[in-house]
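Letter by letter, the chains look like this.
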Amino acid sequence: MEKQEIVCYCSNVTKEQILNALDQGAKTLNDIRRMTGACTKGNCKELSPRKT
Ligand code: FES
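Everything numeric here is computed off the predicted structure, so don't read it as measured data.

1. Focus on the side chain of T14
Right, on to step 1. Relative to the helices and strands, T14 resides in strand β2 (residues 13–14).
Right, on to step 2. For T14, a relative accessible area of 10% gives the class buried.
Right, on to step 3. What T14 contacts, discounting residues up to four positions off in sequence, is K3, Q4, E5, I6 and V7.

Right, here's the structure in full:
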């Protein structure tokens, strides 16, 4: 997975942003949500290219 790969399509959050949040002390999903904006929207199925 590339660092610039988007992991949250609703908020355009990259893997690198998640890793940076962890480096900056994020311990929980809620921490990551607050720090990056990931997983805070609800259009995941519509926006993700990884449809199943
Ligand atoms: S893909 Fe992250 S909130 Fe929808």
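The structure having been displayed, the exposition proceeds.
2. Digging into the nonpolar core
For soluble globular proteins, the rule of thumb is that nonpolar side chains tend to be buried together.
Right, on to step 1. Judged by nonpolar contacts, C8, C10, V13, I18, A21, A26, I32 and A38 together constitute the single largest core of 8 residues.
Right, on to step 2. The residues contacting A38, other than those within four sequence positions of it, are C8, S11, V13, I18, I32 and R33.

3. What to know about the environment of I18
Right, on to step 1. If you trace the backbone, I18 turns up in helix α1 (residues 15–23).
Right, on to step 2. The buried category is assigned to I18, whose relative accessible area is 17%.

4. Looking at the pattern of salt bridges
Right, on to step 1. By the definition in use, this model includes 1 salt bridge.
Right, on to step 2. The shortest N-O distance in the salt bridge between D31 and R34 comes to 3.0 Å. Of the two residues, D31 and R34 both sit in helix α2 (residues 29–36), 3 residues apart, roughly one turn of that helix.
Right, on to step 3. Taking the relative accessible area as the measure of exposure, D31 reaches 14% and is therefore buried.
Right, on to step 4. Judged by relative accessible area, which is 62%, R34 ranks as exposed.

5. Regarding the confidence of the model for the chain
Right, on to step 1. Taken residue by residue, the chain gives an average pLDDT of 92. The fraction at 70 or more is 96%.
Right, on to step 2. Per-element confidence in the chain ranges from a low mean pLDDT of 89 for helix α3 (residues 44–47) to a high of 98 for α1.

6. Some words on the side chain of S11
Right, on to step 1. Here S11 shows up in the loop between β1 (6–8) and β2.
Right, on to step 2. Once residues within four sequence positions are removed from consideration, S11 is found in contact with G37, A38, T40 and K41.

7. Side note on α2
Right, on to step 1. For α2, the set of buried residues is D31, I32 and T36. Angular distribution of buried residues about the axis of α2 spans 105 degrees; they occupy a single face of the element.
Right, on to step 2. Where α2 is buried, its residues contact β2 and α1.

About the criteria used
Residues numbered from 1 in each chain as written. Predicted model: local features only at pLDDT ≥ 70, side-chain atom pairs only at ≥ 80, totals over all residues. Heavy atoms only, no water. Helix = DSSP H or I, 4+ residues; strand = E, 2+ residues; numbered from the N terminus. Buried < 20%, exposed > 50% of the residue type's maximum accessible area, 1.4 Å probe, protein only. Contact = heavy atoms within 4.5 Å. Core = buried A, V, L, I, M, F, W, Y, C linked by side-chain atoms within 4.5 Å. Salt bridge = Lys/Arg side-chain N within 4 Å of Asp/Glu carboxyl O. pLDDT = per-residue confidence, 0-100. Arc of directions from axis to C-beta.

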